[in-house]
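Chain by chain, the residues run as shown.
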Amino acid sequence: MGIDFHSKKNSITYTTRNADKTWIEAMINLIPIEDISNALDIGCGGGIYSKALSDMGVDYVTGVDFSEAILDGAKENCKAYKNISFKHGNAFETGLNSNKYDLLLERALIHHIKDLNSCFKEAFRLLNDGGFYIVQDKTPEDCLLKGDDTHIRGYFFELFPRLIEKETSRRHNSQLVIEMLKQVGFKNIEEVKVWETRNVYDNKEQLLNDLSERTGRSILHELDDQELNLLINHIDKSLENNTNIVEKDRWTIWKAVK
């Protein structure tokens, strides 16, 4: 099945939350955000992290995505931000000028990409000398952690083991990412692990409604409606907390410098 990123009905699926302080703190620890004037967010989705970069003090942010429908949602989401602009393009050919950006962010993108070399070469071209490249994605070991009251995602694979192969087959291991970054010419490569708060729900009903809409979760589009209802019932029974549910995801972040 899979999500159709080009469908208008999915245009707002990645616009419904804000970047959490756990992500902002991770960025502040990795890069001198006060020195970033011009940032690029490739695979920007609904503009959640474009907004976060602007809120952190970046002067100009450009979001790029390959889906016109998703970009429509991003433009609406960021309409109050005059310093954020968007462009239709992909990670291999953005059509943007070389040596222009101080920071390039690619969050939750590379698991959609098999040709990391071409993706990383384009990033290298776009960055200023000394510019920072932030790649954030889940590695296979991040994906398959046991489900609990905070790591809701773990329940997906517990109930539907067939999703394990789907998820792990599209995730790159860390050593490959690091080697490819080096091959392209990046230096000072660092890897960190982060528990990023995805969302905070006042009650269980809010979470279950979010799941029923498959909001911002492409892996749930692998399930049909009946399977999704089974998953929602399973999570409903598994969660001990009924209020103040803090949902977290485990990520790997790679920082590299041009």
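Up top you'll find the structure we're talking about.
Criteria and cut-off values
- Residues numbered from 1 in each chain as written.
- Predicted model: local features only at pLDDT ≥ 70, side-chain atom pairs only at ≥ 80, totals over all residues.
- Heavy atoms only, no water.
- Buried < 20%, exposed > 50% of the residue type's maximum accessible area, 1.4 Å probe, protein only.
- Helix = DSSP H or I, 4+ residues; strand = E, 2+ residues; numbered from the N terminus.
- Pairing = 2+ DSSP bridges.
- Right-handed = clockwise from strand over helix to strand, strands pointing away.
- Phe/Tyr/Trp six-rings, centres within 6.5 Å; stacked < 30°, edge-to-face > 60°.
- Lys NZ or Arg CZ within 6 Å of the ring centre and 35° of its normal.

A. Focus on the pairing of strand S5 (residues 127-137). The buried count for S5 comes to nine of eleven residues, which makes it a mostly enclosed element. In this sheet, S5 lies alongside strand S4 (residues 101-107) in parallel orientation, the contact comprising six bridges. Its bridge partner being in S5, Arg 107 is matched across the sheet by Gln 136. Read as a crossover between parallel neighbours, the route from S4 over helix H4 (residues 116-126) to S5 is right-handed. Taken together, the six bridges between S5 and strand S7 (residues 243-257) define a ladder with antiparallel strand orientation. Bridging across to S7, Asp 137 finds its partner in Thr 252.

B. Representation of the packing of aromatic side chains. Evaluation of the coordinates by the stated rule reveals five aromatic pairs. Taken together, a centroid distance of 4.8 Å and an interplanar angle of 70° make the contact between Trp 23 and Tyr 49 edge-to-face. Of the two residues, Trp 23 sits in helix H1 (residues 21-30) while Tyr 49 sits in helix H2 (residues 48-55), which places them 26 residues apart along the sequence. You can call Tyr 49 buried: its relative accessible area is 6%. Considering the side-chain rings of Tyr 133 and Phe 186, the 5.0 Å spacing of their centres and the 25° angle between planes classify their relative orientation as stacked. One end of the pair, Tyr 133, is in strand S5; the other, Phe 186, is in the loop between helix H8 (174-184) and strand S6 (187-203), and 53 residues separate them in sequence. Among the aromatic residues, ring-to-ring pairing joins Phe 120, Phe 124, Tyr 133 and Phe 186 into one connected group. Lys 138 extends its terminal NZ or CZ atom over the ring of Trp 251, reaching a point 3.5 Å from the ring centre. One Lys or Arg, Lys 258, reaches over the ring of Phe 124 and ends 4.9 Å from the middle of that ring.

C. Structural detail: the environment of Glu 76. Its location among the elements puts Glu 76 in helix H3 (residues 68-77). Look at Glu 76 and you get partly exposed, because its relative accessible area is 48%. Separated by 15 residues in the primary sequence, Glu 76 and Ala 91 place their C-alpha atoms 22 Å from one another.

D. Up close: the pairing of S4. For S4, a buried count of seven out of seven residues is recorded, marking the element as mostly surrounded by other parts of the structure. Pairing of strand S1 (residues 38-42) with S4 involves three bridges; the strand directions are parallel. Paired with Asp 41 across the two strands is Leu 105, which belongs to S4.

E. Geometry of unusual backbone geometry. Of note, the phi angle at Asn 99 is positive, near 50°, even though the residue is not glycine. Mapped onto the elements of the fold, Asn 99 is located in the loop between strand S3 (84-88) and S4. A positive phi angle, near 55°, is found at Ala 108, a position not held by glycine. With respect to the secondary-structure elements, Ala 108 resides in the loop between S4 and H4.

On their own, these measurements won't tell you what the molecule is for.
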